[in-house]
Amino acid sequence: MNIVEKIEKTKAYLKKILPSGFRPEVAIITGSGLGGIRKNFKIIKTVKNEEIPFFAEATVSGHKGELIFCSYKGTDIIIVDGRIHYYEGHSADKIIYPLRVLKFLGVKTLISTAAVGALNKKYKLGDIVFIKDHINFTGNNPLIGAHFDEFGKRFPDMSCAYDADLRKHALKIAKQNKIRSCEGVYFCLNGPSYETPAEVEAYRKLGGDVVGMSVVYEVIAAAQMGIKTLCVSYVSNMAAGISKEVLNHDDVLALGKKKDAGISLIIERVLERIK
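Residues numbered from 1 in each chain as written. Predicted model: local features only at pLDDT ≥ 70, side-chain atom pairs only at ≥ 80, totals over all residues. Heavy atoms only, no water.

K.L.:
Looking at this structure, how should I read the overall build of the protein?
P.N.:
Scanning the protein from N- to C-terminus turns up six helices and nine strands. C-alpha atoms of the protein, sized along the principal axes, occupy 50 × 40 × 35 Å. Taken over 275 residues, the protein has a buried fraction of 53%. Entry remark: accessible area of the protein is about 12500 Å², with carbon and sulfur atoms responsible for 51%. Placing the 40 positive and 30 negative side-chain charges of the protein at their respective mean positions leaves the two points 6 Å apart. (Helix = DSSP H or I, 4+ residues; strand = E, 2+ residues; numbered from the N terminus. Buried < 20%, exposed > 50% of the residue type's maximum accessible area, 1.4 Å probe, protein only. Areas by Shrake-Rupley, 256 points an atom, 1.4 Å probe, with all protein chains shown as cover. Lys, Arg positive; Asp, Glu negative; His and termini not counted. Charge placed at Lys NZ, Arg CZ, Asp CG, Glu CD.)

K.L.:
Just to check I follow, could you spell out the environment of leucine 189 for this structure?
P.N.:
Here leucine 189 is to be found in the loop between β7 (181-188) and α4 (197-205). Spatially, the C-alpha atom of leucine 189 lies 8.6 Å from that of glycine 139, the residues being 50 residues apart in sequence.

K.L.:
Where do I start with the packing of helix α1 (residues 3-17) against helix α2 (residues 92-105) in this structure?
P.N.:
Two quantities define a packed helix pair, namely the angle between the helix axes and the distance between the axes. Their axes nearest at 9 Å, the elements α1 and α2 cross at an angle of 65 degrees. The two elements α1 and α2 meet at a crossing, and its hand is right-handed. Where α1 approaches α2, its residues Ile3, Val4, Lys6, Ile7, Glu8, Thr10, Lys11, Leu14 and Lys15 are matched on the opposing element by Tyr97, Arg100, Val101, Phe104 and Leu105. (Axes fitted to C-alpha atoms, helices over the stretch in contact; angles between N-to-C directions. Left-handed = near helix turned anticlockwise from the far one by under 90°. Contact = heavy atoms within 4.5 Å.)

K.L.:
Which parts of the structure should I look at to understand helix α3 (residues 164-176)?
P.N.:
Note: α-helices contain 3.6 residues per turn, so residues at a spacing of three or four share the same orientation. Between the first and last C-alpha of α3 there are 18 Å, a value that for 13 residues agrees with the 18 Å anticipated at 1.5 Å per step. Taken residue by residue, α3 has Leu166, Arg167, His169, Ala170, Ile173 and Ala174 as its buried positions. For α3, the arc enclosing every buried residue in end-on projection is 165 degrees, short of the 170-degree limit, so these residues lie on one face. With respect to the buried face of α3, the exposed residues turned more than 90 degrees away are Asp165, Lys168, Lys172, Lys175 and Gln176. Positive phi shows up at lysine 178, right after α3, with a value of about 55 degrees. (Expected span 1.5 Å × (residues − 1). Arc of directions from axis to C-beta.)

K.L.:
So what exactly am I meant to see when it comes to the packing of α2 against helix α5 (residues 216-224) here?
P.N.:
Put simply, α2 and α5 touch, their axes get as near as 9 Å, and they point 50 degrees apart. Judged on the interaxial angle alone, α5 and α2 are oblique. For the pair α2 and α5, the crossing hand works out as right-handed. Taking contact as the criterion, the partners of Ala92, Ile95, Ile96, Leu99 and Arg100 in α2 are, on α5, Tyr217, Glu218, Ala221, Ala222 and Gln224. Looking at the contact of α2 with α5 residue by residue, the classes come out as seven nonpolar, one polar and two charged. (Parallel < 35°, antiparallel > 145°, perpendicular 65-115°, else oblique. Nonpolar A, V, L, I, M, F, W, Y, C, P; charged D, E, K, R; others polar.)

K.L.:
I'm lost on the side chain of serine 112 in this one. Help?
P.N.:
Here serine 112 lies in strand β5 (residues 109-118). Of the residues examined, serine 112 reaches a relative accessible area of 0% and is grouped as buried. If we ignore the near neighbours within four places in the chain, the residues touching serine 112 are Ile29, Arg83, Val215, Glu218, Leu230, Cys231 and Val232.

K.L.:
Mind showing me how you'd approach the nonpolar core here?
P.N.:
Where a protein is soluble and globular, its nonpolar side chains tend to be buried together. Grouped together as the largest cluster of nonpolar side chains are 35 residues, with contacts concentrated most on Leu14, Leu67, Phe69 and Leu99. Elements with a contribution of two residues or more to this core: α1, β1 (24-29), β3 (66-72), β4 (75-81), α2 and α5. With nine residues, α2 is the single largest residue contributor to this core. Not counting residues within four places of it along the chain, the set of residues in contact with phenylalanine 69 comprises Leu14, Leu18, Phe22, Lys42, Ile43, Ile44, Lys45, Val47, Ile77 and Ile78. (Core = buried A, V, L, I, M, F, W, Y, C linked by side-chain atoms within 4.5 Å.)

K.L.:
Looking at this structure, how should I read the side chain of threonine 30?
P.N.:
Tracing the backbone through its elements, the reader meets threonine 30 in the loop between β1 and β2 (42-48). A polar contact is formed between the side chain of threonine 30 and the side chain of aspartate 81, at a distance of 3.2 Å. (Polar contact = N/O pair within 3.5 Å; in protein donor to acceptor, adjacent residues only side chain to side chain.)

K.L.:
Sorry if this is basic, but what is going on with the pattern of salt bridges here?
P.N.:
Opposite charge on two side chains permits them to pair, given that their charged atoms come into close proximity. Counting across every chain of the model gives eight salt bridges. Across the pair glutamate 201 and arginine 204 runs a salt bridge, and its minimum N-O distance is 3.0 Å. With a gap of three residues between them, glutamate 201 and arginine 204 both fall in helix α4, about one helical turn apart. Its salt-bridge partner being arginine 269, residue glutamate 272 comes within 2.8 Å of it at the nearest N-O pair. One end of the pair is glutamate 272 and the other is arginine 269, both in helix α6 (residues 249-274) and three residues apart, which spans about a single turn. What makes glutamate 272 partly exposed here is its relative accessible area of 30%. Looking at arginine 269, the relative accessible area reads 28%, which means it is partly exposed. Linked by salt bridges that have partners in common, Lys73, Glu268, Arg269 and Glu272 make up one network. (Salt bridge = Lys/Arg side-chain N within 4 Å of Asp/Glu carboxyl O.)

Just distances and angles here, no functional claims.
Put into structure tokens, the structure is as follows:
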């Protein structure tokens, strides 16, 4: 069974358990500590990853591992509550599999959220950073392997992977609501260990503003499939060597809960524009 056939089976399963009129236009992927985004949405159904054919199970604290089918002011949405990561032992194609399914269900816009470490010394803890570009330093690419035309071009253009109009609007919303924010370049690594001070200095010189262990594979797949993407990240920690604080995932989750309200507001206003 090839990947397209698997996706069709997953799609058929989800269609069977969802209301016939549910037409998802937007998908939201939640990062560490950001599962509260759903609170102002009308929940229609929640399905755990392990119940969905061919989905991998999320194992990281702060990532529930479920799909939430919901709506907001007339827009049908699928929330991927908790992503899976390469460092959990999943292959790159497994990581982007949920996004492939979402595209087959009709999703045209992706809003990805993530906790990031700051490489840019001008950033402060809690800053919202809208990703404008990325540097894939993982040594891998999720499009490696057999190609299927159903996903788009074999060699997709990545010059506009992060939608400029969505980002511009999100920045405007943040400014109107006095939420400290900026644009930045995401430097992607495999993890799961945090970076050393020497590595952080190198990544800064290479052009990174923030560093993380997710997002990029999803965005590459989204670009191939013609899905517009907005990535909303928050600075959960200053990268090693910039701050003397010891890096701790529990602190990341705690700050995520504090930033949840601001990020949720931005996403809700963006959704109103999409509609």
